[in-house]
Amino acid sequence: MRYLDPDSTRDKIMADQDKSIKLIVLAAFDADEEGNLLPAFDPRQMQDEGGAVREAKALADKHVAVVAWSRDADPVAGEYGPPEILFQSGPVPEME
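What you see is a predicted model; the values in this text were computed from it and never measured.

(A) Broad picture of the side chain of Arg71. Take Arg71: it is sitting in strand β4 (residues 65–74). Here the side chain of Arg71 touches Gly81 through a polar contact of 3.1 Å, landing on its backbone oxygen.

(B) Layout of the packing of aromatic side chains. Taken as a whole, this structure holds zero aromatic pairs when the rule is applied. In this arrangement the basic side chain of Arg44 is found over the ring face of Phe41, its NZ or CZ atom lying 3.9 Å from the centre.

(C) How the structure looks around the pattern of salt bridges. For the structure shown, the criterion picks out three salt bridges. Taking the shortest distance from any N to any O, the salt bridge between Lys22 and Glu49 comes out at 3.4 Å. Here Lys22 is found in strand β1 (residues 21–31), whereas its partner Glu49 is found in helix α2 (residues 49–59), with 27 residues between them in sequence. Classification of Lys22 as partly exposed rests on a relative accessible area of 38%. Take Glu49: its relative accessible area is 30%, and that puts it in the partly exposed class. For Glu55, the salt bridge identified is with Arg44, shortest N-O distance 3.6 Å.

(D) The pairing of β1, seen in detail. Of the pairings in the sheet, the one linking β1 to β4 comprises nine bridges and is antiparallel in character. Residue pairing across strands places Ile24 opposite Ser70, the latter belonging to β4. In this sheet, strand β3 (residues 44–45) lies alongside β1 in antiparallel orientation, the contact comprising two bridges. Bridged to Val25 within β3 is Gln45. As judged from the three bridges shared by β1 and strand β2 (residues 37–39), these two strands associate in the antiparallel manner. Each bridged residue has a counterpart across the sheet, and for Ala31 the counterpart in β2 is Leu37. Connecting β1 to the antiparallel partner β2 that follows it, the hairpin turn spans five residues, and Gly35 within it adopts a positive phi of roughly 90°.

Parameters and conventions
Residues numbered from 1 in each chain as written. Predicted model: local features only at pLDDT ≥ 70, side-chain atom pairs only at ≥ 80, totals over all residues. Heavy atoms only, no water. Helix = DSSP H or I, 4+ residues; strand = E, 2+ residues; numbered from the N terminus. Polar contact = N/O pair within 3.5 Å; in protein donor to acceptor, adjacent residues only side chain to side chain. Phe/Tyr/Trp six-rings, centres within 6.5 Å; stacked < 30°, edge-to-face > 60°. Lys NZ or Arg CZ within 6 Å of the ring centre and 35° of its normal. Salt bridge = Lys/Arg side-chain N within 4 Å of Asp/Glu carboxyl O. Buried < 20%, exposed > 50% of the residue type's maximum accessible area, 1.4 Å probe, protein only. Pairing = 2+ DSSP bridges.

Taken by themselves, the reported measurements are silent on function.
This is the structure in structure tokens:
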């Protein structure tokens, strides 16, 4: 049996890989002349849900649609939970 050494960088990485994370994302959309939604900027990964909601509310008057969402994820295993809408303004595209 091997014990993890908390001072070892390799062991810290291995221990971190066992943890799932919460992805928190902010996205905004504008419309073209035909009404098609286009990303206003690349989706932004946010540090916390409260900050994502505050930023989304601040952007809501500047864009046709804004959404802040989160999901649990285990990137090492390639597993992602369903998205949970934290804030939405306007018609946003469906999320997978």
